[in-house]
Amino acid sequence: MYHRIEENCIGCGACMRACPVEAISGNKKELHRIDGKLCIDCGSCGRVCPAAAVRGPDNRIVARLKKSEWLKPRILEDKCLACENCVAACPTGALIMKDDSLPLQQNCAVLFYHEKCVSCNWCFKNCQFDAISMEVFSENN
């Protein structure tokens, strides 16, 4: 299953601009479509849709959220074993290893490119060591 766009799409293109894998196509002011073969189910299309026209794999309308309210990975350095699964899984390249010159015991993944993160949870799902939690970041953290 993948996200899909409903008939109430207004064709504004916000979903196309938010999609990190270019899975969405459509002309301005016309119904847009998601290519299920390309969609990574990140939900970014729905979180930016002003018409609430995107359904998730669970068949619920994806709620629009301000980008500042999107969940982002918090890497728990004391649990991270530097396996790099999360870095490899990230479809946007938002995560990197802290310092490749460090020994594994001292290295860990970090969310380096905050603006690239689309809140897809792929890093969280691929972490075998419970070293990632998904949280809304505030200016204080």
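Treat the numbers as computed from the prediction; the structure is a model and nothing was measured.

A. Layout of the domain arrangement of the chain. Taken domain by domain, the chain comprises domain 1 (1-65) and domain 2 (69-136). Inter-centroid distance (C-alpha atoms) of domain 1 to domain 2 is 26 Å. Each partner contributes to the interface: domain 1 provides eight residues, whereas domain 2 provides eight residues. Overall, the association of domain 1 and domain 2 removes approximately 710 Å² of surface from exposure, summing both partners, and the carbon and sulfur fraction of that is 67%. Looking only at domain 1, the three residues that lose the most surface to domain 2 are Ile40, Arg47 and Leu65, adding up to 60% of its buried area. Where domain 1 touches domain 2, the interface holds zero salt bridges. The tally of links from domain 1 across to domain 2 stands at three residue pairs in polar contact (both at pLDDT 80 or more). Tallying contributions element by element places helix α2 (residues 44-48) first for the side of domain 1 that touches domain 2, with three residues.

B. Focus on the packing of aromatic side chains. Under the counting rule described, the total for this entry stands at one aromatic pair. Taken together, a centroid distance of 4.8 Å and an interplanar angle of 85° make the contact between Phe112 and Tyr113 edge-to-face. Lys116 extends its terminal NZ or CZ atom over the ring of Tyr113, reaching a point 4.8 Å from the ring centre.

C. Region of the structure containing the pattern of salt bridges. Summed over all chains, the structure comprises four salt bridges. Put simply, Glu135 and Arg74 hold a salt bridge, and the shortest N to O gap is 2.7 Å. Here Glu135 is found in strand β8 (residues 132-136), whereas its partner Arg74 is found in strand β5 (residues 71-75), with 61 residues between them in sequence. Of the residues examined, Glu135 reaches a relative accessible area of 25% and is grouped as partly exposed. When the shortest N-O distance is used, the salt bridge between Lys98 and Glu77 registers 3.3 Å.

D. Structural context of the nonpolar core. Among the nonpolar cores identified, the biggest contains 18 residues, and Ile75, Cys86, Leu95, Cys123 and Ile132 are the most heavily contacted of them. Contributing elements (two or more residues each) for this core: β6 (95-97), β7 (109-111) and β8. Per element, the largest residue contribution to this core is three residues, and it comes from β7. Among all residues touching Ile75, those that are not within four sequence positions of it are Cys80, Leu95, Ala109, Val110, Leu111, Ala131 and Ile132. By size, the runner-up hydrophobic cluster in this structure holds 13 residues, among which are Cys15, Ile24, Cys39 and Val62.

About the cut-offs
- Residues numbered from 1 in each chain as written.
- Predicted model: local features only at pLDDT ≥ 70, side-chain atom pairs only at ≥ 80, totals over all residues.
- Heavy atoms only, no water.
- Domains from an automatic or database assignment.
- Contact = heavy atoms within 4.5 Å.
- Buried area = accessible area lost by both parts, 1.4 Å probe.
- Salt bridge = Lys/Arg side-chain N within 4 Å of Asp/Glu carboxyl O.
- Polar contact = N/O pair within 3.5 Å; in protein donor to acceptor, adjacent residues only side chain to side chain.
- Helix = DSSP H or I, 4+ residues; strand = E, 2+ residues; numbered from the N terminus.
- Phe/Tyr/Trp six-rings, centres within 6.5 Å; stacked < 30°, edge-to-face > 60°.
- Lys NZ or Arg CZ within 6 Å of the ring centre and 35° of its normal.
- Buried < 20%, exposed > 50% of the residue type's maximum accessible area, 1.4 Å probe, protein only.
- Core = buried A, V, L, I, M, F, W, Y, C linked by side-chain atoms within 4.5 Å.

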